[in-house]
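Residue-level structural notes
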Amino acid sequence: MKKRTKAKEINYTQIVQSSQFKKLLKQKRQFILPLSLFFFAFYFTLPVLTSYTTVLNTPAIGPISWAWVFAFAQFIMTWVLCILYSRRAAKFDVMVQEIKQQMRG
């Protein structure tokens, strides 16, 4: 039987109760919730407007209607939100590392 070296066990209860962890959760919630709500509202506006109104049927640029402009804007919105989340996630990762170091030491 191999002998294992015991690493310091992680006390998850202590982590969850720490002020740094609570701060991390609060910051994540304050960032993710509004962005998610914006994403869903923006995403579902196109099918709702095209199904129940003719607002987006008018030409925007030559023969291209506002529906096509809105649809293209959804791609841009998705990329922008992805970039914003990736940048913010890096900051969240730093906070996680700080919490882990504090709990080890």
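Relevant structure appears above.
Here is what the cut-offs are and how they apply
- Residues numbered from 1 in each chain as written.
- Predicted model: local features only at pLDDT ≥ 70, side-chain atom pairs only at ≥ 80, totals over all residues.
- Heavy atoms only, no water.
- Helix = DSSP H or I, 4+ residues; strand = E, 2+ residues; numbered from the N terminus.
- Rg over C-alpha atoms; globule rule 2.2 N^0.38 Å.
- Buried < 20%, exposed > 50% of the residue type's maximum accessible area, 1.4 Å probe, protein only.
- Contact = heavy atoms within 4.5 Å.
- Expected span 1.5 Å × (residues − 1).
- Bend = angle between axes of the 7 residues up to and from the residue.
- Axes fitted to C-alpha atoms, helices over the stretch in contact; angles between N-to-C directions.
- Parallel < 35°, antiparallel > 145°, perpendicular 65-115°, else oblique.
- Nonpolar A, V, L, I, M, F, W, Y, C, P; charged D, E, K, R; others polar.
- Patch = residues over 30% accessible without salt bridge, like charges linked within 9 Å, V, L, I, M, F, W, Y side chains within 5 Å.
- Areas by Shrake-Rupley, 256 points an atom, 1.4 Å probe, with all protein chains shown as cover.
- Salt bridge = Lys/Arg side-chain N within 4 Å of Asp/Glu carboxyl O.

A few words on the overall build of the chain. Within the chain, the regular secondary structure consists of 3 helices and 2 strands. Reading the secondary structure of the chain in the N-to-C direction produces α-α-β-β-α. For 105 residues, the compact-globule estimate of 2.2 N^0.38 gives 13 Å, and the C-alpha radius of gyration of the chain, at 23 Å, exceeds that figure by more than 25%. A principal-axis box enclosing the C-alpha atoms of the chain has dimensions of 75 × 30 × 25 Å. Residues classed as buried in the chain amount to 17% of the 105 residues present. Residue pairs at least 24 apart in sequence account for 69% of intrachain contacts in the chain once pairs closer than 6 positions are excluded.

Let us look at helix α2 (residues 19-52). The end-to-end C-alpha separation of α2 is 48 Å, in line with the 50 Å expected for 34 residues at 1.5 Å each. When the local axis directions of α2 are compared, the greatest deviation, roughly 30 degrees, occurs at Thr 45, which is followed within four positions by the proline Pro 47. Taken residue by residue, α2 has Leu 24, Phe 31 and Leu 46 as its buried positions. Considering only its buried residues, α2 is in contact with α3 (66-104).

To continue, consider the packing of α2 against α3. Axis separation between α2 and α3 bottoms out at 11 Å; the angle between their running directions is 170 degrees. Regarding the angle of α2 to α3, the classification is roughly antiparallel. When its residues are assigned to classes, the contact of α2 with α3 shows 22 nonpolar, 7 polar and 4 charged.

Here we come to a nonpolar patch on the surface. A grouping of Phe 72, Phe 75, Ile 76, Trp 79, Val 80 and Leu 84 is seen on the molecular surface, where their side chains present a nonpolar patch of about 620 Å² in accessible area. Assignment of secondary structure puts Trp 79 in helix α3. The class for Trp 79 is exposed, based on a relative accessible area of 53%.

Nothing here speaks to function; it is geometry throughout.
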